[in-house]
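# Summary of the model geometry
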Amino acid sequence: MLSTTKIMISKKISAKIAYITAICAAINIAAITKTPTANAASLSIVNAGFEEPIIGEGEFTTNVLPGWTLYDPSNLTSASIGVGEPIYGAYNPTADVYFNEAPEGNNVGYLYLTYPPGSVAVGISQTLTSLLTANTKYTLQVEIANIPPVNGFTILDGFPGYAIQLLAGGTLLTQDFNSLSIIEGAFVTSSISYTTSANNPNLGQALEIRLLNILESDGIEINFDNVKLDATQIPEPASILGITLGFVSASLALKKRKMIRQ
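Cut-offs used in this document
- Residues numbered from 1 in each chain as written.
- Predicted model: local features only at pLDDT ≥ 70, side-chain atom pairs only at ≥ 80, totals over all residues.
- Heavy atoms only, no water.
- Helix = DSSP H or I, 4+ residues; strand = E, 2+ residues; numbered from the N terminus.
- Buried < 20%, exposed > 50% of the residue type's maximum accessible area, 1.4 Å probe, protein only.
- Contact = heavy atoms within 4.5 Å.
- Areas by Shrake-Rupley, 256 points an atom, 1.4 Å probe, with all protein chains shown as cover.
- 1 Å grid on protein atoms, 1.4 Å probe; cavity = no way out; pocket = protein on both sides within 12 Å on 5 of 7 lines; lining within 4 Å.
- Points joined across faces, edges and corners; volume = space filled by probe spheres on them.
- Nonpolar A, V, L, I, M, F, W, Y, C, P; charged D, E, K, R; others polar.
- Pairing = 2+ DSSP bridges.
- Axes fitted to C-alpha atoms, helices over the stretch in contact; angles between N-to-C directions.
- Salt bridge = Lys/Arg side-chain N within 4 Å of Asp/Glu carboxyl O.
- pLDDT = per-residue confidence, 0-100.
- Core = buried A, V, L, I, M, F, W, Y, C linked by side-chain atoms within 4.5 Å.

## Description of the overall build of the protein
If you tally the helices and strands in the protein, you get 3 helices and 11 strands. Reading the helices (α) and strands (β) of the protein from amino to carboxyl end gives α-β-β-α-β-β-β-β-β-β-β-β-β-α. Here the protein, with 262 residues, has 40% of them falling under the buried criterion. Across the protein, the fraction of contacts at a sequence separation of at least 24, relative to all contacts at a separation of at least 6, is 79%. By element, 58% of the accessible surface of the protein is carried by carbon and sulfur atoms, the whole surface being about 13600 Å².

## Details of the layout of surface pockets
In this structure, the largest pocket occupies an estimated 300 Å³ of space. Residue lining of the largest pocket: 14 residues in total, with Phe 60, Tyr 91, Ile 147, Phe 153 and Glu 221 positioned closest to the centre. Considering only residue class, the lining of the largest pocket consists of 10 nonpolar, 3 polar and 1 charged.

## Regarding the sheet that holds strand E10 (residues 206-213)
Taken in spatial order, the 5 strands of this open sheet run E2-E5-E10-E7-E8, and their pairing is antiparallel. This sheet does not close on itself; its edge strands, each paired only once, are strand E2 (69-71) and strand E8 (171-177). Each neighbouring strand pair of the sheet contributes to a mean axis angle of 30°, computed without reference to strand direction.

## Quick word on unusual backbone geometry
In this chain, Glu 52 is followed by Pro 53 through a cis amide linkage whose omega measures -5°. Of note, Pro 53 is situated in the loop between strand E1 (41-42) and E2. The backbone of Asn 75 shows a phi angle near 55°, a positive value even though the residue is not glycine. Structurally, Asn 75 is set in the loop between E2 and helix H2 (78-82). The class for Asn 75 is exposed, based on a relative accessible area of 53%. Positive phi is not limited to glycine here, since Leu 215 has a value of about 50°. Looking at the element boundaries, Leu 215 is found in the loop between E10 and strand E11 (221-233).

## Here we look at the pattern of salt bridges
In a structure, side chains of opposite charge can pair up when their charged atoms sit close to one another. A full pass over the atoms with the stated rule returns 1 salt bridge. Between Arg 210 and Glu 208 there is a salt bridge, and its shortest N-O distance comes to 3.0 Å. By relative accessible area, Glu 208 is classed as buried at 9%.

## A few points about the confidence of the model for the protein
Looking at the protein, the pLDDT average stands at 84 and 76% of residues meet or exceed 70. Contacts from residues 19-38, a stretch scored under 50 in pLDDT, to residues over four places away or in other chains number 21 contacts. Counted against residues more than four places away or in other chains, residues 239-254, with its pLDDT under 50, gives 18 contacts.

## Some details on the nonpolar core
Within the largest apolar cluster, 39 residues are counted, with the highest numbers of intra-cluster contacts made by Leu 166, Leu 207, Ile 209, Leu 211, Val 227 and Leu 229. Elements supplying a minimum of two residues to this core: strand E3 (88-91), strand E5 (122-131), strand E6 (136-146), strand E7 (162-168), strand E9 (186-195), E10 and E11. Within the second largest apolar cluster, 12 residues are counted, among which are Val 108, Tyr 110, Tyr 112 and Ile 147.

## A short note on the pairing of E6
Burial analysis of E6 places 8 of its 11 residues in the buried class, the great majority of the element. In this structure, E6 lies alongside E11, joined through 9 bridges in antiparallel fashion. Counterpart to Thr 139 in the pairing with E11 is Asp 230. Looking at chain direction, E6 and E9 are connected through 10 bridges and run antiparallel. Across the sheet, residue Glu 143 finds its bridge partner in E9, namely Thr 189.

Laid out in structure tokens, this is it:
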């Protein structure tokens, strides 16, 4: 009789252990599911809001933009820059240009290209100190504006088109190629994402951001502001599968013990 009692107690303990194991597995799965939000981080971008240098309202810099370099692989602008024509820089817009002046801070970045539609794209770029890492979702956001013709400056009519690019080691990962319709005098948010796997060929390469004026149609200037790049770690599929199988196994073991008891 004592032996039978011990066996019954042992079965009850085993059933409780299996139940607790199943609950713990479920909690672990929930925790992993929430991991991306907990591990999201904003990567460092120099002069992301184009607030350097400090300039007065309505003023702009001529081909000076700390943290950013001119991207012009075809040397389209070389002659123009040589004579001091503004191609890129920081601009402090007034309320008659944009109602809220700038989405972030006082300045915006500009790309001003007086070349015919169909010319090659020109832009600004920045190589970050951050490297491409495995199992990470990258989200790049940039405010883009279609500057209106103000004070009779009709040359600003139209919109030449834009591209927002995320690269690693010079390799294009993803881009927004002029997908947004932007009315004059308005800023809109471009958002693109890229997720790496454990065997991505570009792992360990420096990330790079490019903002381009693609000269696709009539218009000469594009404004940019508030550049953000977030990196969110994601769980490896193998880890989720392992815990899921553990949960299933524990559940089956619990059911089996209940059937034996009956």
